[in-house]
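Inside the fold
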Amino acid sequence: MKCFGRGVRRIAPAPNSSKKEVVPPVIPKVNGWACPPPCLQRTGWLVFTYMAIVGFGIYIPLLPSPWSQAAYSLTGIAFIVHLVSHIATVSIDPANAGVRAKMNYSKPLPAFDRKKQPHVIYNMECSLCEVPVGPKVKHCSFCNKCVENFDHHCDWLNTCVGGRNYWPFFTTVLSAFIGTVLLFVIVLFVFIEHYVAPSNLRTAPQFDHVSDGTWLVFLPLAPIETSSAGLLVVAFITLMLLSLCLLMSSHLLSFHFYLCYRHISTYEYILEQRYEDKTKKEKAAKFSKASAVKQDKLKEKEVEQCKEPAGAKSVEGGLVVQDPLGSSIMGPSEDSL
């Protein structure tokens, strides 16, 4: 039984299969809450939950006043904005207006037949959704529906990013970057201060009732005792995860700032890159062809030179023939004949 297998939607026959094989229909996704959630989406949820617990439960309470209040406020706003924008991005249906008005998401769409249409969208009409579409609409093979102002399909959100949910998506990325930076600074400060001046992290009144080698987490509501080594190990693991998140979010955010500056989408950027790669390959092919022709001409010239009579060479329009006895005999030139 293939309990966890996911069928692959093909638009061409698989190897060693019949050309008459029918592509199985697929039920379109309404939004990012479609089940089962992909691995990346579940990973994102786990990372967000871990960072919220570690940040607000362990390290922010250790900060001295008034830094703890500032950290609670700024990091809390970043996390709340990220959560709200994330839910909005996942919940919004990015499909085209015609698709949303017509489509019944409980029924699968018909299979794509290349014998009838060369492309999914032909003459501004989708052959699968059977609705008229605009020039910036693309049929997503993962969601199996036409997306308005298609940007890209995000596996972290399990939905397409288009015109209807692009700005909530952008807010999600921006808030994730800001929250990651704030939490990275807080955890790094606690990690360093633990060695430099640990007394600055033990300002809570609950530390008056424990020994110097004991630390408290989940202050002030549910203090739990832990060791210094445990606090530092969790801090180190958190810093490694935050570094990875910071690298990914900064790269994604800078890329979308670049797209906004150029007023293009991710899909249009990919098409530009494909066109540039195709142009480079065509230029390289033409250059190699011209080089091959040039080499062929050089070879022909060398062959012609090899076919000239041995011992004969032309000098200033005349012909010098080398006598077997070693003397040179000057022959008449063509002008003198």
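Residues numbered from 1 in each chain as written. Predicted model: local features only at pLDDT ≥ 70, side-chain atom pairs only at ≥ 80, totals over all residues. Heavy atoms only, no water.

**Details of the overall build of the protein chain**
Helices and strands together make up the secondary structure of the protein chain, namely 6 helices and 9 strands. Sorting the 337 residues of the protein chain into buried and exposed places 31% on the buried side. Sequence separation of at least 24 residues holds for 56% of the intrachain contacts in the protein chain that already meet a minimum separation of 6. Per element, the accessible surface of the protein chain, about 21800 Å² overall, is 65% carbon and sulfur. (Helix = DSSP H or I, 4+ residues; strand = E, 2+ residues; numbered from the N terminus. Buried < 20%, exposed > 50% of the residue type's maximum accessible area, 1.4 Å probe, protein only. Contact = heavy atoms within 4.5 Å. Areas by Shrake-Rupley, 256 points an atom, 1.4 Å probe, with all protein chains shown as cover.)

**Quick word on the confidence of the model for the protein chain**
When pLDDT is averaged across the protein chain, the result is 84; 82% of the residues are at 70 or more. In this model residues 1–15 is a low-confidence stretch, pLDDT under 50, and it forms 17 contacts with partners more than four residues away in sequence or in other chains. Every residue in residues 17–21 is under pLDDT 50, and counting partners more than four places away or in other chains gives 5 contacts. (pLDDT = per-residue confidence, 0-100.)

**Overview of the pattern of salt bridges**
Applying the stated criterion across every chain, the model contains 4 salt bridges. A salt bridge links Glu130 to Lys102, with the nearest nitrogen and oxygen atoms 3.6 Å apart. Here the residue Glu130 occupies a position in the loop between α3 (97–102) and β1 (138–140), and Lys102 occupies one in helix α3, the gap between them amounting to 28 residues. Given the relative accessible area of 47%, Lys102 is considered partly exposed. (Salt bridge = Lys/Arg side-chain N within 4 Å of Asp/Glu carboxyl O.)

**Section: the pairing of strand β5 (residues 214–217)**
Residues Thr214 and Leu216 point to one face of β5 and Trp215 and Val217 to the other, with burial holding for every one of them. One ladder, built from 4 bridges, connects β5 with strand β6 (residues 224–227); its direction is antiparallel. Considered in β6, the bridge of Leu216 is made with Glu225. Once β5 ends, the chain turns through 6 residues before running back antiparallel as β6, passing Phe218 with a positive phi of about 60 degrees. (Pairing = 2+ DSSP bridges.)

**A few points about a nonpolar patch on the surface**
Taken together, the side chains of Val233, Phe236, Ile237, Met240 and Leu241 define a hydrophobic patch exposed on the protein surface, amounting to about 440 Å² of accessible area. As for its placement among the helices and strands, Met240 is situated in helix α5 (residues 228–262). The exposure class assigned to Met240 is partly exposed, which follows from its relative accessible area of 45%. (Patch = residues over 30% accessible without salt bridge, like charges linked within 9 Å, V, L, I, M, F, W, Y side chains within 5 Å.)

**Observations concerning the nonpolar core**
Residues Tyr59, Leu62, Val187, Phe207 and Leu231 are the most contacted members of the largest nonpolar core, which totals 25 residues. For this core, the secondary structure elements donating two or more residues are α1 (39–59), α2 (67–91), α4 (166–196), β5 and α5. (Core = buried A, V, L, I, M, F, W, Y, C linked by side-chain atoms within 4.5 Å.)

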